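# Chains, contacts and geometry: an overview
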Amino acid sequence: MYQSIAWYVTLFLIFLLAMAFAIVYGESRRLREYGPIQEKGYKIRKFYFLGLLAVMGFASAMSLSKLPYHNQHAAAKEHAKVVEVAGLQYAWEFSDENFTVGEEIQFRVTSKDVTHGFGIYNPELELIAQTQAMPENTNTLTITFDKPGTYKILCLEYCSVGHHVMMKDIVVKPKGGNDHDH
């Protein structure tokens, strides 16, 4: 849907620009003073710029609201479960691998070798949260899983020839520990 809207808006703006060029070209064929033509061109350019600014601002606001990072930097509550995560070529090490729906998890992510991207994908393989795993640095990612199932942890930063195998499955159990829902 957004691609179609962007396509039609782009075509409309190109049309307006072409019209502005056509007007300026048409006016320049007449033998008149350049000043009024230049003034008309500046007016057209100003409105075109303001229109473009409004469209791009709207498009940015709409697309940024769809990013999956809304909960990424939320401060963890005191009762959040802390899970230490270390990335290394080509695996993820977790201090705890038991997760339950509704439980707030604070991942503290680092790397033992090179920079990795720590991406959490839901069972539908949609990216729901991410942060960087960097040597000598710990990034915190707080998340509450809202449904049971098998989630994937994938490396989002090219880390060498085995990058494509750097993945880990984690199982999020429903409240009460019943495993039949995933």
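Residues numbered from 1 in each chain as written. Predicted model: local features only at pLDDT ≥ 70, side-chain atom pairs only at ≥ 80, totals over all residues. Heavy atoms only, no water.

If you tally the helices and strands in the protein chain, you get 2 helices and 9 strands. For the protein chain, the sequential pattern of α-helices and β-strands runs α-α-β-β-β-β-β-β-β-β-β. Put simply, the protein chain has 182 residues, and 27% of those count as buried. When contacts within the protein chain are restricted to residue pairs at least 6 apart in sequence, those whose partners lie at least 24 apart make up 62%. Only carbon and sulfur atoms are counted for the fraction: they give 60% of the accessible area of the protein chain, which is about 12,000 Å². (Helix = DSSP H or I, 4+ residues; strand = E, 2+ residues; numbered from the N terminus. Buried < 20%, exposed > 50% of the residue type's maximum accessible area, 1.4 Å probe, protein only. Contact = heavy atoms within 4.5 Å. Areas by Shrake-Rupley, 256 points an atom, 1.4 Å probe, with all protein chains shown as cover.)

So, on to the packing of aromatic side chains. How two aromatic rings sit relative to each other is given by the distance of their centres and the angle of their planes. Evaluated as defined, the whole model comprises 8 aromatic pairs. On the numbers, 6.5 Å between centres and 80° between planes, the contact of Phe-94 with Phe-99 is edge-to-face. Judged by relative accessible area, which is 2%, Phe-99 ranks as buried. Here Phe-99 and Phe-145 contribute two aromatic rings whose centre-to-centre distance is 6.0 Å and whose plane-to-plane angle is 65°, an arrangement assigned as edge-to-face. Here Phe-99, found in strand β3 (residues 99-100), pairs with Phe-145, found in the loop between β7 (139-144) and β8 (149-155); they are 46 residues apart in sequence, far enough to count as distant. (Phe/Tyr/Trp six-rings, centres within 6.5 Å; stacked < 30°, edge-to-face > 60°.)

Below, the discussion takes up helix α1 (residues 2-29). A rise of 1.5 Å per residue sets the reference length of α1, with its 28 residues, at 40 Å; its end C-alpha atoms lie 41 Å apart and thus fit the reference within 8%. Listed in full, the buried residues belonging to α1 are Leu-13, Ala-20 and Glu-27. (Expected span 1.5 Å × (residues − 1).)

What follows deals with the sheet that holds β7. Within a sheet, adjacent strands bond to each other through the backbone by hydrogen bonds, running parallel or antiparallel. Spatially, 4 strands are ordered β2-β1-β4-β7 in an open sheet, and the strand pairing comes out mixed. The strands lining the two open edges of the sheet, one partner per strand, are β2 (91-94) and β7. Going from strand to strand, the sheet's axes swing by 25° on average, the running direction of each strand aside. Of the strand pairs in this sheet, strand β1 (residues 81-88) and β2 are connected by 4 bridges, and their pairing is antiparallel. Bridge pairing links Val-85 to Phe-94 in β2. (Pairing = 2+ DSSP bridges. Axes fitted to C-alpha atoms, helices over the stretch in contact; angles between N-to-C directions.)

Let us look at the pattern of salt bridges. A side chain of one charge can pair with a side chain of the opposite charge if their charged atoms are brought near each other. Within this structure, the stated rule accounts for 8 salt bridges. A salt bridge links Asp-169 to Lys-152, with the shortest nitrogen-to-oxygen separation between them at 2.7 Å. Taken together, the positions of Asp-169 in strand β9 (residues 167-173) and Lys-152 in strand β8 put the pair 17 residues apart, joining distant regions of the chain. On the accessibility criterion, Lys-152 (25% relative accessible area) is partly exposed. What emerges from the salt-bridge pattern is a single network uniting Lys-81, Asp-96 and Glu-103. (Salt bridge = Lys/Arg side-chain N within 4 Å of Asp/Glu carboxyl O.)

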